[in-house]
Amino acid sequence: MDLRGYFNRIGFTGQYDKPDLDTLRTIHKLHVMQIPFENLSIHCGEKNTTDLLIIYDKLVKSNRGGWCCENNLLFSWVLKEMGYKYTTLGSKVFNKFQNDFHPVDSHLINLVEIDGKPYITDVSYGVSCQLWYPLEMVSGKDQPQPPGVFRLLNDGMRWVLEKTSRKPVVKDKVYANSSLLDHRLTKTMYCFPLTPRNKEHFVETLDCLQTSPDSRFVLKSICSLQTPTGFRALIGWTYSEITYNPEEDSDFVDMKEIPDSEIEAVLREKFNVVLVNKFTPKNNKANYCM
């Protein structure tokens, strides 16, 4: 594993030994702009792992993306190599249909301390709720970013992350009622305590998420990548390009269906992803939206 290889992957040309906030903001944004959030391995007969060597080979050397335990584990290694003081945490993702948090930690994030101030970094939530920059750990403070306004809340026991979005404006009215669209203006994302977690803490849950027939990651194939003006996503056969339009308090949504014969080309041209094994798109009904 080579830090220079990672920086080449994300296009970072700054100093390697400057663990300050500006550098963290820069590498955080570059990561989400270059490395997709995706679960395509599950739909290629492959298995996701918490082995950092395998993750590095996949995300850095093979130009792939990954889900949270791949992207954020890799990012924790970067933080360590650069000299940041960090702690890996586990969070429970909110289920809007059950109106409650998942009962176990299924999402890995990192807490970084700089000059005595804590920040949350999360380079792998994907789609419209992806952080572009670290968040200050200040309860109740609105923190605007291009995707919307993020907010951390603390009740004394745990922290909760929520986001206020803009109204989606759909180009093709055929997709106006798509289940992939989230029309909630304010949405709860996940909650977490400040209990340090190692990667072994997530192994059992991650195995379930990639094998259970009820898992949204089994039911849907997902690939998303942030862009300078929004994000793009391929969920099953549905390709979407979202353009943020904060001046009019809206997000422009362009959706279309991709035939099987063009799926590989879309992954290559829009996400810079080339798959080795046969990929079978999935878009079954599940608790997932952009």
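Residues numbered from 1 in each chain as written. Predicted model: local features only at pLDDT ≥ 70, side-chain atom pairs only at ≥ 80, totals over all residues. Heavy atoms only, no water.

**Student:** For this particular structure, what's the right way to read helix α2 (residues 21-34)?
**Tutor:** Helix length check: α2 (14 residues) gives 20 Å between terminal C-alpha atoms against 20 Å at 1.5 Å per residue, within 8%. For α2, the set of buried residues is T23, L24, I27, H28, H31, V32 and M33. On its buried face, α2 is in contact with α1 (3-10), α4 (68-82), β4 (107-114), β5 (117-121) and β12 (222-227). (Helix = DSSP H or I, 4+ residues; strand = E, 2+ residues; numbered from the N terminus. Expected span 1.5 Å × (residues − 1). Buried < 20%, exposed > 50% of the residue type's maximum accessible area, 1.4 Å probe, protein only. Contact = heavy atoms within 4.5 Å.)

**Student:** What's the story with the packing of α1 against α2 in this structure? I'm lost.
**Tutor:** How two helices pack is summed up by the angle between their axes together with the distance between the axes. Orientation of α1 relative to α2, taken along the N-to-C sense of each, is 65°, at an axis distance of 8 Å. On the basis of their axis angle, the class for α1 and α2 is roughly perpendicular. Contacts between α1 and α2 involve Y6, F7, R9 and I10 from the former and I27, L30, H31 and Q34 from the latter. The class makeup of the residues in the contact of α1 with α2 is 5 nonpolar, 2 polar and 1 charged. (Axes fitted to C-alpha atoms, helices over the stretch in contact; angles between N-to-C directions. Parallel < 35°, antiparallel > 145°, perpendicular 65-115°, else oblique. Nonpolar A, V, L, I, M, F, W, Y, C, P; charged D, E, K, R; others polar.)

**Student:** Honestly, the sheet that holds strand β14 (residues 238-245) in this entry has me stumped. Any pointers?
**Tutor:** Reading across from one edge, β1-β12-β13-β14-β15-β10 is the order of the 6 strands in this open sheet, with mixed pairing throughout. The open sheet is flanked by β1 (37-38) and β10 (167-170), the only strands paired with a single partner. As defined by bridge partners, β12 adjoins strand β13 (residues 230-235) across 6 bridges and the pair is classed as antiparallel. The residue bridging T227 from the neighbouring strand is G230, located in β13. The strands touched by helix α7 (residues 260-271) are β12, β13 and β14; relative to β13, the strand with the most contacts, the crossing angle is about 160°. (Pairing = 2+ DSSP bridges.)

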